[in-house]
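Overview (structure and organization)
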Amino acid sequence: DHLDVLAGLALGAPAAAVLLVNNVRDLDSDVRAGRRTLAALLGVERARVVYALLVLAPLGALVLMTATGAPGAALGLMAAPALAALVWRFRTATGGQALNALLVDTARAGTHGGLLAAAGIALFAFL
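Each value, and the rule that gives it
- Residues numbered from 1 in each chain as written.
- Predicted model: local features only at pLDDT ≥ 70, side-chain atom pairs only at ≥ 80, totals over all residues.
- Heavy atoms only, no water.
- pLDDT = per-residue confidence, 0-100.
- Helix = DSSP H or I, 4+ residues; strand = E, 2+ residues; numbered from the N terminus.
- Expected span 1.5 Å × (residues − 1).
- Buried < 20%, exposed > 50% of the residue type's maximum accessible area, 1.4 Å probe, protein only.
- Arc of directions from axis to C-beta.
- Contact = heavy atoms within 4.5 Å.
- Salt bridge = Lys/Arg side-chain N within 4 Å of Asp/Glu carboxyl O.

**Considerations on the confidence of the model for the protein**
Of all residues in the protein, 100% attain a pLDDT of 70 or more, and the chain-wide mean is 95. The secondary-structure element of the protein with the lowest mean pLDDT is helix α2 (residues 27-32), recorded at 94, while helix α4 (residues 44-67) shows the highest, at 97.

**Some points on helix α5 (residues 80-92)**
Taking 1.5 Å of rise per residue, 13 residues should cover 18 Å, and α5 covers 19 Å from first to last C-alpha, within 8% of that figure. Taken together, the buried positions of α5 are L83, L86, V87 and F90. For α5, the arc enclosing every buried residue in end-on projection is 100 degrees, short of the 170-degree limit, so these residues lie on one face. The exposed residues of α5 that point more than 90 degrees off its buried face are P81 and W88. Buried residues belonging to α5 abut α1 (2-25), α4 and α6 (96-126).

**Quick word on the pattern of salt bridges**
Taken as a whole and assessed by the stated rule, the structure comprises six salt bridges. For D26, the salt bridge identified is with R25, shortest N-O distance 2.9 Å. The class for D26 is partly exposed, based on a relative accessible area of 23%. Residue class for R25 comes out partly exposed when judged on its relative accessible area of 31%. Where E45 meets R91, a salt bridge forms, and the shortest distance between an N and an O atom there is 3.2 Å. Taken together, the residues E45 in helix α4 and R91 in helix α5 connect sequence positions 46 residues apart. Each of E45, R48 and R91 takes part in a single network of salt bridges with overlapping partners.

What follows is the structure, encoded as structure tokens:
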């Protein structure tokens, strides 16, 4: 079902973004060790673009879910400001400490958006 795919995207994309932040944080040591992570293959600038796509993809997925049969999913859009702020932070984050904080905040924002969407879907199911 298309709603399942969209829900998977809404939850999975931020999780992939967490992994990408981790790859960027460890990029120098990974390259020295010969690891071919996504960040090593893309480079930092393109990794930042992919991160933005991964962090913002849930918003599009939630809009599509709302429009095509799960109106409660719109509640997850309340996470939009936090997700958008992460994109800017990743553009300017340097060093392990800043990237570690971004990693945690990416996981937190993705989880909050998913929980809000799930709560909205559940609420609409009972109305």
